[in-house]
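As a plain string of letters, each chain reads:
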Amino acid sequence: MISQAILDDFAKGIAATIHARINKRVGYSAKLDKRSNRVVFTYKANELAAHCTIPMDELAKANSWQALGDSMVAKALNHLDPVVTFAPTNEPEVPVFIDQKGARHFTLKADMGRLGLFGKG
Amino acid sequence: MATFNKINGFVEDLAEKVHNLGSDTLTIALTTKANAPTAGTTATLASITQISYTNLSSRVVTTSTSAQTSGTYKLVCADLTLTASGTVAAFAEVVLYNDTSTNKSLICWWEYSTTDLTMANTETFLIDFDGTNGVLQIA
């Protein structure tokens with residue numbers, strides 16, 4: 001299950017990327033709507049707010065947060081429909097965090113190795 | 001969670017006194033997706049094509065604990081953050097090897113992504129080892 005904290009980081013990264021691209025601070029949020037099992041992305045620049053919703057099961061397939069982030073930035077800047085389908089990767093559940101200066105911060109969550117004859121000793 | 005991939009030769013190396021995981025210096029090597037290690041045919045650092053580490057911070061891993069409890073050995077290492085001080089060559093595979101061993105024997109690797117990533121100045125890559133279960137367990 002994707003947590004709200006992860007979505008908040010994701011939204012901050014998108015806002016920072018947009019800021020870096022157009023030199024303008026914008027509002028961007030990603031809110032978990034548990035009742036409808038979806039995430040609502042909201043982009044606000046000026047008076048108008050644009051909304052986009054993605055079902056949770058579709059997001060769960062989107063295991064490249066970098067690609068999804070790029071897609072959401074493109075949607076915000078070009079008013080394009082988001083693309084959630086892309087080649088799967090081994091990117092972990094930790095999204096790429098983009099800081100206020102636009103620098104990316106990657107995380108590899110290293111699974112442990114289990115060697116030997118567990119349970120046979 | 002990136003899957004742990006065992007280097008097959010590692011278990012033989014363990015049995016033949018190549019490694020002292022409690023005191024040897026473990027280090028990270030990076031390769032591209034195209035040069036990813038293979039479990040059966042890559043066993044030493046010389047057998048993989050590493051990227052250039054120009055503009056990248058130290059790749060030395062700090063071992064936190066190396067001990068057994070009730071017959072199960074666990075190696076725990078501290079998380080390592082690689083920081084770019086300029087553009088760093090593209091990579092996708094994160095390889096753990098023993099820098100102290102004579103042939104710099106490989107232990108395992110994780111694939112971050114099926115496509116290579118390139119780090120720019122000030123960007124970071126955190127290798128988040130499992131603090132509870134460790135890097136690996138042997139039973």
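Note: the structure precedes this text.
Now for a description of the structure that goes with this document.

Calculation rules
Residues numbered from 1 in each chain as written. Chains lettered and ligands numbered in written order. Predicted model: local features only at pLDDT ≥ 70, side-chain atom pairs only at ≥ 80, totals over all residues. Heavy atoms only, no water. Helix = DSSP H or I, 4+ residues; strand = E, 2+ residues; numbered from the N terminus. Buried < 20%, exposed > 50% of the residue type's maximum accessible area, 1.4 Å probe, protein only. Areas by Shrake-Rupley, 256 points an atom, 1.4 Å probe, with all protein chains shown as cover. Salt bridge = Lys/Arg side-chain N within 4 Å of Asp/Glu carboxyl O. Pairing = 2+ DSSP bridges. Phe/Tyr/Trp six-rings, centres within 6.5 Å; stacked < 30°, edge-to-face > 60°. Lys NZ or Arg CZ within 6 Å of the ring centre and 35° of its normal. Disulfide = S-S within 2.5 Å. Core = buried A, V, L, I, M, F, W, Y, C linked by side-chain atoms within 4.5 Å. Contact = heavy atoms within 4.5 Å. Expected span 1.5 Å × (residues − 1).

Some thoughts on the overall build of chain A
- Of regular secondary structure, chain A possesses 3 helices and 6 strands.
- Listing the helices and strands of chain A from first to last along the sequence gives α-β-β-β-α-α-β-β-β.
- Here chain A, with 121 residues, has 45% of them falling under the buried criterion.
- Working note: accessible area of chain A is about 6,800 Å², and carbon and sulfur atoms make up 52% of it.

Focus on the overall build of chain B
- On a plain count of helices and strands, chain B comes out with 1 helix and 10 strands.
- Overall, chain B shows an N-to-C arrangement of helices and strands of β-α-β-β-β-β-β-β-β-β-β.
- Considering chain B as a whole, with its 139 residues, one finds that 46% of them fall into the buried category.
- Accessible surface for chain B amounts to roughly 6,000 Å². Of this, 49% is attributable to carbon and sulfur atoms.

Observations regarding the environment of Leu56(B)
- Looking at the element boundaries, Leu56(B) is found in the loop between strand S2 (26-31) and strand S3 (60-61).
- Sequence separation between Leu56(B) and Ala89(B) is 33 residues; the distance between their C-alpha atoms is 9.2 Å.

Concerning the environment of Asn35(B)
- Along the chain, Asn35(B) falls in the loop between S2 and S3.
- In this structure the C-alpha to C-alpha distance between Asn35(B) and Phe91(B), which are 56 residues apart in sequence, comes to 9.2 Å.

With respect to the pattern of salt bridges
- This structure, assessed with the given rule, holds 6 salt bridges over all chains.
- Here Asp128(B) ties to Lys109(A) by a salt bridge, and the two come within 3.0 Å at their closest N and O atoms. One end of the pair, Asp128(B), is in strand S9 (residues 124-129); the other, Lys109(A), is in strand S5 (residues 104-110), on a second chain.
- Of the charged contacts in the structure, one is a salt bridge between Asp99(B) and Lys104(B), with a shortest N-O distance of 3.1 Å.
- Judged by relative accessible area, which is 30%, Lys104(B) ranks as partly exposed.

What about the sheet that holds S3(B)?
All names here are of chain B.
- Taken in spatial order, the 5 strands of this open sheet run S1-S8-S7-S2-S3, and their pairing is antiparallel. Two strands in the sheet have a free side with no partner beyond their single neighbour: strand S1 (5-6) and S3.
- Here S2 runs beside S3; their pairing, made up of 2 bridges, is antiparallel. Among the inter-strand pairings, Leu26 is bridged to a residue of S3, identified as Val61.

Looking at the packing of aromatic side chains
- Evaluated as defined, the whole model comprises 7 aromatic pairs over all chains.
- Ring centres of Tyr112(B) and Phe125(B) lie 5.1 Å apart, and the angle between their planes is 75°; this geometry places the pair in the edge-to-face category. A residue pair is termed long-range when its members are at least 10 positions apart, and Tyr112(B) in the loop between strand S8 (106-111) and S9 and Phe125(B) in strand S9 qualify at 13 residues.
- In this structure an aromatic cluster arises from ring pairing among Phe106(A), Phe91(B), Tyr112(B) and Phe125(B).
- Sitting over the face of the ring of Tyr53(B), Arg59(B) holds its NZ or CZ atom 3.5 Å from the ring centroid.

As for the state of the cysteines
Residues and elements named next belong to chain B.
- Counted under the stated rule, the structure contains 0 disulfides over all chains.
- Left without a disulfide partner, Cys77 is nearest to the cysteine sulfur of Cys108, which lies 9.2 Å away.
- In this structure Cys77 comes out as buried when scored by relative accessible area, which is 4%.
- Cys108 sits in the buried class, given a relative accessible area of 0%.

Some details on the nonpolar core
- In terms of nonpolar packing, the biggest core is built from 45 residues, with Trp110(B) and Phe125(B) touching the most fellow members.
- Top contributing element to this core by residue count: S8(B), with 5 residues.
- Residues within four places of Phe125(B) in sequence aside, it is in contact with Phe106(A), Leu108(A), Leu80(B), Thr81(B), Leu82(B), Phe91(B), Val94(B), Tyr112(B), Leu117(B) and Met119(B).
- Of all hydrophobic cores here, the second largest spans 23 residues; its members include Ile2(A), Phe41(A), Ile54(A) and Val73(A).

Examining helix H1 (residues 4-22) of chain A
All names here are of chain A.
- Over its 19 residues, H1 extends 27 Å from the first C-alpha to the last, a length consistent with the 27 Å expected when each residue adds 1.5 Å.
- For H1, the complete set of buried residues consists of Leu7, Phe10, Ala11, Gly13, Ile14, Ala15, Ala16, Thr17, Ile18 and His19.
- In the stretch just after H1, Asn23 is the one whose phi turns positive, near 55°.

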